[in-house]
Amino acid sequence: MSNAPPDFSHYAFETRAVRAGQARTHEGEHNDPIFTTSSYVFDSAAQAKARFAHEEPGNVYSRFTNPTVRTFEQRLATLEGAEHCVATASGMAAILTTCLALLKAGDHVVASRNLFGSTVNLFVNILSRFGIETTFIPITDPSRDTEAWGKVIRPETRMLFLESPANPLTEIADIQAMADLAHAADCLLVVDNAMCTPALQKPLTFGADIVIHSGTKYLDGQGRCVGGAVVTDSESIRNDVFGVLRTSGPSMSPFNAWVFLKGLETLSLRMQAHSKAALEIAHWLEKQPSIARVYYPGLTSHPQHTLAARQQSAFGGIIAFDVQGDREEAWRVVDATRMLSITANFGDTKTTITHPATTTHGRLTPEQRSEAGIRESLLRISVGLEDIEDIKADLERGLA
Ligand SMILES: *Cc1c(COP(=O)(O)O)cnc(C)c1O
């Protein structure tokens, strides 16, 4: 039997990232073990009955609870400064489970226009079939757009959903303003924190009700596992989300939870290193004559630099930039790289490069793309942990 994990709540972020949530077993293991078991045994028929009836806490079946997954949940919850976390099989499973738990037919969602593609798809093509309608609205100008968001909220609006910074143009949402707006209208604010992670930004401290994670990105940080999480301070939201998860089953595997635990241990170090390298590369890109514009919240040229600095402790690893020219010039930069990975993923130790207009945003119509500011000349890089001079040299070849 394992003991309750020691309380690390009064320790610093980096300490909690390494130690929180671990309940050492009678074996005295130093590292977190992986509990690869689908079910659990009971001492007696009476105990089995008590567990199934929720009269006694304890494990029943790994679709609902698993000690390794629970360690990950407790560790991520404390890093976000939250009471609760429900781990899921992927980032998309986290969003789906949240929506299934908190929305019903007839409800309305207001979502940022600048969202991860599959999230848009989920709202537009899947949840719509169950009577949930979504209005998309830009997130780019906090003063104007908070007002714009307010105007599309209806009596049946239940949820506001956004990402900050958004992908790929790194637009920043004013989380506090959006939370105030949501709460004035009796709605919940959901913030997808995949880009920043709690190492750089804690949306709950600005009033968000729910934080979504794609653990696949920086929480793992090394491109190994797909997973996600829903984080909240509200016990009733946690219970609703967990209720859907335990019945419908998009659960995180114990192995993946263990990989994410290892990722969390180095999260702060990695996010600082990604941010430092990205800031330096963003400054360097701004000076290249073949580049028309650089989008990075750490640059003073970013229209929401001040807001980003207020919400985030650093600016993350994602940079977008427009080359002078069109698709041909942009593709030339991609194809001239020898080291950078040509892939749409981000949040890896390996630097990646992608052409959004023909990959992540390829399914949008040209009008939708132009509305979202995604030009044919746009490239996005996720700055990894290689030597910065090697990254620059790889980009320089195509920019020359
Ligand atoms: C990748 C991503 C998701 C989806 O996560 P998966 O783990 O791939 O399901 C959701 N939101 C954002 C911002 C992402 O980058």
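Going by the structure above, here's the rest.
If you're wondering where the values come from, they're calculated on a predicted model, not measured in any experiment.

What counts as what
- Residues numbered from 1 in each chain as written.
- Predicted model: local features only at pLDDT ≥ 70, side-chain atom pairs only at ≥ 80, totals over all residues.
- Heavy atoms only, no water.
- Pairing = 2+ DSSP bridges.
- Helix = DSSP H or I, 4+ residues; strand = E, 2+ residues; numbered from the N terminus.
- Axes fitted to C-alpha atoms, helices over the stretch in contact; angles between N-to-C directions.
- Contact = heavy atoms within 4.5 Å.
- Near = heavy atom within 4 Å.
- Polar contact = N/O pair within 3.5 Å; in protein donor to acceptor, adjacent residues only side chain to side chain.
- Areas by Shrake-Rupley, 256 points an atom, 1.4 Å probe, with all protein chains shown as cover.
- Nonpolar A, V, L, I, M, F, W, Y, C, P; charged D, E, K, R; others polar.
- Buried < 20%, exposed > 50% of the residue type's maximum accessible area, 1.4 Å probe, protein only.

Caption draft 1: Molecular detail of the sheet that holds strand β3 (residues 133-137). In space, the seven strands of this open sheet follow the order β1-β7-β6-β5-β4-β2-β3, with mixed pairing throughout. The open sheet is flanked by β1 (84-88) and β3, the only strands paired with a single partner. On average, each strand axis in the sheet is tilted by 20 degrees relative to the strand beside it, whichever way the strands run. Helix-sheet contacts for helix α4 (residues 91-102) involve β1, β4 (157-163), β5 (188-192), β6 (210-214) and β7 (228-232), and the interaxial angle to β6 is about 150 degrees. Strands in contact with helix α5 (residues 117-126) are β2 (108-112), β3 and β4; relative to β3, the strand with the most contacts, it is inclined by about 140 degrees.

Caption draft 2: Local environment of the site of the ligand. Neighbouring the ligand are S90, G91, M92, F116, E163, D192, A194, S214, T216, K217, G227 and F346. Separating an oxygen atom of the ligand from a backbone N or O atom of M92 is a distance of 2.9 Å. Within the side chain of S214, an N or O atom sits 2.9 Å from an oxygen atom of the ligand. Across the complex, the protein chains shield 92% of the 380 Å² of accessible surface that the ligand would expose by itself. Per-class residue counts for the shell around the ligand are four nonpolar, five polar and three charged.

Caption draft 3: Local environment of the pairing of β6. Most of β6 is tucked away: five of the five residues are buried. The alternating pattern of β6 places I210, I212 and S214 and V211 and H213 on opposite faces, both of which are buried. Inspection of the sheet shows β5 paired to β6 by three bridges, in the parallel sense. Looking at β6, one finds that V190 is bridged to I210. The pairing of β6 with β7 spans five bridges and is antiparallel. Counterpart to I210 in the pairing with β7 is T232.

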